[in-house]
Amino acid sequence: MRNWAILVQTDVETQSLGVAKALKALAEKEQPGLVILGKQAIDDDANQTGQMLAALLGWAQGTFASKVVPAEGTVAVTREIDGGLETVDLKLPAVVTTDLRLNEPRYASLPNIMKAKKKPLETVDAASLGVDLTPRLKTLKVAEPPKRAGGVKVGSVQELVAKLKTEARVI
Amino acid sequence: MTTLVIAEPSAEGVKVPTLTTLGAAAKLGGDVHVLVIGQGVGAVADATAQVAGVAKVLTADAAELAHGLAENVAPLVVGLVKAGGYSHVLAPSTTFGKNVAPRVAALLDVAQVSDITGVESPDTFTRPIYAGNAIATVQSSDPVKVATVRGTAFEAVAATGGSAAVEAASGAADAGLSRFVSQEVSKSERPELTSARVIVSGGRGMQSGDNFPLLEALADKLGAAVGASRAAVDAGFVPNDYQVGQTGKIVAPELYIAVGISGAIQHLAGMKDSKVIVAINKDEEAPIFQIADYGLVADLFKAVPELTAELGKAG
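From a predicted model like this one, the values you see are computed outputs, not experimental measurements.

Conventions adopted
- Residues numbered from 1 in each chain as written.
- Chains lettered and ligands numbered in written order.
- Predicted model: local features only at pLDDT ≥ 70, side-chain atom pairs only at ≥ 80, totals over all residues.
- Axes fitted to C-alpha atoms, helices over the stretch in contact; angles between N-to-C directions.
- Helix = DSSP H or I, 4+ residues; strand = E, 2+ residues; numbered from the N terminus.
- Parallel < 35°, antiparallel > 145°, perpendicular 65-115°, else oblique.
- Left-handed = near helix turned anticlockwise from the far one by under 90°.
- Contact = placed C-beta atoms within 7 Å.
- Core = buried A, V, L, I, M, F, W, Y, C linked by C-beta atoms within 7 Å.
- Buried ≥ 20, exposed ≤ 12 C-beta atoms within 10 Å, placed from the backbone.
- Pairing = 2+ DSSP bridges.
- Nonpolar A, V, L, I, M, F, W, Y, C, P; charged D, E, K, R; others polar.

## Some words on the packing of helix α2 (residues 49-57) of chain A against helix α4 (residues 95-107) of chain B
Orientation of α2(A) relative to α4(B), taken along the N-to-C sense of each, is 45 degrees, at an axis distance of 8 Å. Our classification of the angle between α2(A) and α4(B) gives oblique. In this structure, α2(A) crosses over α4(B), and the sense of that crossing is right-handed. For the pair formed by α2(A) and α4(B), the contact residues are Q51(A), M52(A), A54(A), A55(A) and L56(A) on the first element and N99(B), P102(B), R103(B), A105(B), A106(B) and L107(B) on the second.

The structure is reproduced here in structure tokens:
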């Protein structure tokens, strides 16, 4: 087994489709049996890259996974869906995107961070992958949403019920 | 300009996320077609044909579509888009839509705009970023615009008043990549979180799943759904489908009662568009009070039963 990291470098603004194309090129070169990604980035919340990668590779996708059980040639993925949980059996190779309850995150300890510096890191220029990373979406504007003004503190349950009835009129 | 809306799979009737996605489609203008997928969905298709503003309903009725597997649904949608010349494909921001739509977009070689909250023009949309702390206006340069729609941001269209033609869509096939095994769906008599008028949510302050019946009693008094913060779900108090927040469900009820929830930014991202927010927390410094319309600094184990009793009295 080979343990190493690959860093794909580009100065282009990365968007989900372009990233998926870069990952596809890497997957075709490295031939992994399973690709695991997070389900959504914490900044743009796009929730797209894993699904797009699976589409481009023509592989199965197990999104929002809370349990992953590999078997011979397949992997069973339990997915967190709106109504509860769903288990699907995917043909390998496949793409899995993770949800919060998949496992306990393993945080890097200081000794491991030191050791990681010695691990092989392969840097790949995105241009060498031969994929089109041109952004398709243009951000025209970023604005602050309307602020919610804080309200009042009430002194008792009775006061709360009275306000909900007569002031807010929601009950 | 014609928009194809992928309906939220349904065993009966038209789901609310489909109606709110149609609300976004109406803002685009142009004709709107709805794709109903599943197995034995004839009655659902007929109900969809009654929805206001729908020009045509396409049904894809096949065993391999019974569970909405993205590997089977996406090629079908792509075939329809290519044959039908659709300018837009919209899906609800549900776990179904979020799973399928990016697969459709990638197969069409177009970008997806996720979780839109506004339509500025046929190619320009608003969407929240940074956990809802900023609203981005984005323009797509692609020939087909694929987007998922945040249900709380659009009015549901009327479920009646339309009389669309229903047509069978061809092109369904089993991609042979995935197979449905099982589903564990939470059974509840209470309303669904994403369409409830009132929501009662519990956080880490509930201390244990054994204490959630306190919230359920209150919820039943109000006809409310029960939700939870990520902390409560991660601690195993309640199942994952209760989670309200950035990576869970986005809700905007008339009344949101946050109990024992401190108000982490990830939670606020899922509920801060609620009309009226009530917070009950014993920590008066809890950030939830900064956005709550009514805050009660109290021990929830005393205050919640008292509130339930008070509502019973008055009601």
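## Thoughts on the nonpolar core
Among the nonpolar cores identified, the biggest contains 88 residues, and L35(B), V77(B), V89(B) and V104(B) are the most heavily contacted of them. For this core, the element with the most residues is helix α3 (residues 70-84) of chain B, which contributes 8 residues. In this view, L35(B) contacts L4(B), I6(B), A7(B), L58(B), A60(B), V77(B), L80(B) and A169(B); residues no more than four positions away in its chain are not counted. L164(A), A232(B), A258(B) and I288(B) belong to the second-largest nonpolar core, a separate cluster that totals 56 residues.

## As for the sheet that holds strand β9 (residues 152-154) of chain A
What links the strands of a sheet is backbone hydrogen bonding, and the strands pair in either a parallel or an antiparallel sense. Overall, parallel pairing links the 6 strands, which are arranged β9(A)-β16(B)-β15(B)-β14(B)-β12(B)-β13(B) in an open sheet. Two strands bound the open sheet, and with one partner strand each, they are β9 of chain A together with β13 (225-228) of chain B. Across this sheet, the average inter-strand angle for adjacent strands is 25 degrees, counted without regard to direction. Where strand β15 (residues 276-281) of chain B and strand β16 (residues 294-297) of chain B come together, 4 bridges link them in parallel fashion. The residue bridging V278(B) from the neighbouring strand is Y294(B), located in β16(B).

## A few points about the interface of chain A and chain B
The partner chain B presents 71 residues to the 61 residues of chain A that form the contact. Elements with a minimum of two residues in the side of chain A that touches chain B: α1 (16-30), α2, β3 (60-70), β4 (74-81), β5 (84-91), β8 (137-143), β9 and α4 (157-166) of chain A. Residue contributions to the side of chain A that touches chain B peak at 8 residues, all from β5(A). Residue composition of the side of chain A that touches chain B, grouped by class: 29 nonpolar, 16 polar and 16 charged. Relative to strand β11 (residues 178-185) of chain B, β5(A) runs antiparallel, the two being bridged by 7 bridges.

## Notes on the pairing of strand β7 (residues 121-125) of chain A
Residues and elements named next belong to chain A. β7 sits mainly on the outside: 0 of its 5 residues count as buried. The pairing of strand β1 (residues 5-9) with β7 spans 5 bridges and is parallel. Residue L7 lies in a different strand from β7, and its bridge partner there is T123.

## Section: the pairing of strand β7 (residues 124-129) of chain B
Every other side chain in a regular strand lies on the same face of the sheet, so the side chains alternate between the two faces. All names here are of chain B. In this structure, strand β6 (residues 118-121) lies alongside β7, joined through 3 bridges in antiparallel fashion. Opposite G118, over in β7, you have T126 as the bridge partner. Two elements, β7 and strand β8 (residues 134-140), share 6 bridges in a ladder whose sense is antiparallel. Paired with T124 across the bridge in β8 is Q139. Linkage of β7 to β8, two consecutive antiparallel strands, is achieved through a turn of 4 residues, within which Y130 is found at a positive phi near 50 degrees.

## A short note on the sheet that holds strand β1 (residues 2-6) of chain B
Residue and element names in this part refer to chain B. The sheet built from 7 strands is open, its strands ordered β5-β9-β4-β1-β2-β3-β10 with parallel pairing. Edge positions in the sheet fall to β5 (112-116) and β10 (165-168), since each of these pairs with one other strand and no more. Adjacent strand axes in the sheet meet at a mean angle of 25 degrees when their direction is disregarded. Pairing between strand β2 (residues 31-38) and strand β3 (residues 56-61): 6 bridges, direction parallel. If you follow V34 over to β3, its bridge partner there is V57. The strands touched by helix α1 (residues 16-28) within the sheet are β1, β2, β4 (88-92), β5 and β9 (145-149), with β4 carrying the most contacts at an inclination of about 150 degrees. Docked against the sheet, α3 engages β1, β2, β3 and β4, running at close to 165 degrees with respect to β1.

By themselves these figures say nothing about function.
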